[in-house]
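# Structural description and commentary
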Amino acid sequence: MSRTTMMIDPGLPTGLFTDVITSHGEYVGLVKFGWGTALVTRDLDRKIAVLRDAGIGFYFGGTLFERYLWGGRVDDYLALVDRTGATHIEVSNGTIPLDQEAKAGYVRRMAGHRPVLSEVGYKDAERSARLSPDDWVGAIEQDLAAGAELVITETRESGRSGMARPDGHLRDDVLRAVLSAVDPGRLLFEAPTKDLQVELIREIGPEVNLGNIAAADVLGVETLRQGLRGDTLLQFAPADFPVSRAVSVA
């Protein structure tokens, strides 16, 4: 999987969802049906058909996996995955009391069914703040060793938890530690806000995998990747673009 932009569907109307995928699907690598919205989306099968026609993979938010796991219904969850044709499974422990070792065990188990996206970090900001840089690195490496295709770094839909501070900016200590130990190509950074998108693209480069991108921001993220927005223009404009010379107007 290369340069993935994961778009989150928080329950978009089916017509709007279809229009976004039809118009901007070339810039979307994966779609996540956020948290448990899949179970209350009447037109889920229609949305899935749109993604299938566009050749875009999809999966359900980790909260839905946790809901089934907490209820002792993992087999029912796998039946849902099979029925819908979900291309990936997200394994997380952001809400339920599931320790890292046990989560890695579920990563290993689920990897026998579908490519797994595991998630590190908690929904609760205080719990996430207690995770040290070494904790982050250890959890990521353990999930990758257990068979995760990508590891998602939690920031929630608000961009103010997990790897993000309450002010909406990245925890620099965590990011530095993770990048020093893990190939960023194995990571999917949740970046629901422009501030996080800009920080990650500037720090890691335009090929960084970004997730929790709102439908309205898909094109905006692509312009950041290509240096077509002021935030990244000087850093990522094409080499033959004369940004180093003053522009004169006759």
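Here's a quick rundown of the structure.

### Looking at the packing of aromatic side chains
Taken as a whole and assessed by the stated rule, the structure comprises 7 aromatic pairs. Considering the side-chain rings of F17 and F33, the 6.1 Å spacing of their centres and the 25° angle between planes classify their relative orientation as stacked. One end of the pair, F17, is in helix α1 (residues 14–24); the other, F33, is in strand β2 (residues 30–33), with 16 residues separating them in the sequence. Comparing F17 with F33, the two get one shared label, buried. Note on F65 and Y77: the rings are 5.6 Å apart at their centroids and 80° apart in plane angle, and the pair reads as edge-to-face.

### Things to note about the environment of I56
Looking at the secondary structure, you find I56 in the loop between α2 (44–54) and β3 (57–60). The spacing of I56 and V31 is 25 residues in sequence and 7.3 Å in space, taken between C-alpha atoms. In contact with I56, other than residues within four places in its own chain, are I21, G25, V28, G29, L30, V31 and L51.

### Structural notes on the sheet that holds β3
Paired through backbone hydrogen bonds, the strands of a sheet run either parallel or antiparallel to each other. With respect to topology, 8 strands assemble into an open sheet ordered β3-β2-β1-β8-β7-β6-β5-β4, the strand pairing being parallel. Edge positions in the open sheet fall to β3 and β4 (89–91), since each of these has one partner strand only. Averaged over all adjacent pairs, the angle separating strand axes in this sheet is 25°, with direction ignored. In this sheet, strand β8 (residues 210–213) lies alongside strand β7 (residues 187–190) in parallel orientation, the contact comprising 2 bridges. Bridge assignment links E190 to a residue of β8, and that residue is G211. α1 contacts β1 (5–9) and β2 of the sheet and is inclined by roughly 165° relative to β1.

### Some points on the side chain of T37
Considering the arrangement of structural elements, one finds T37 in the loop between β2 and α2. At 2.7 Å, the side chain of T37 and the backbone oxygen of G34 are in polar contact. If sequence neighbours within four positions are ignored, T37 has contacts with D9 and P10.

What counts as what
- Each residue is numbered by its place in its chain's sequence as written, counting from 1.
- Local features in a predicted model are, by the rule used here, given only for residues with pLDDT of at least 70; side-chain atom pairs are given and counted only at 80 or more, and totals for whole chains, interfaces and linings are based on all residues.
- For the side-chain quantities, the full set of heavy atoms in the structure was used; hydrogens and water were omitted.
- Note on aromatic pairs: the rings of Phe, Tyr and Trp (six-membered ring only in Trp) are paired at centre separations within 6.5 Å, and the planes decide the class, stacked below 30 degrees, edge-to-face beyond 60, tilted for the rest.
- Runs of E in the DSSP output that reach at least two residues are strands. Runs of H or I that reach at least four are helices, and both are numbered from the N terminus.
- For the exposure calls, accessible area comes from a 1.4 Å probe over protein chains only, and a residue counts as buried if that area is under 20% of its type's maximum, exposed if over 50%, partly exposed in between.
- Residues are treated as being in contact if the distance between any of their heavy atoms lies within 4.5 Å.
- Any two strands between which DSSP finds at least two bridges are classified as paired.
- Lines fitted to C-alpha atoms define the axes here, with helix axes fitted over just the stretch in contact, and angles between the N-to-C directions of these axes take values from 0 to 180 degrees.
- Two N or O atoms form a polar contact when they lie within 3.5 Å of each other; inside protein one atom must be a possible hydrogen donor and the other a possible acceptor, and for residues adjacent in sequence the pair counts only when both atoms belong to side chains.

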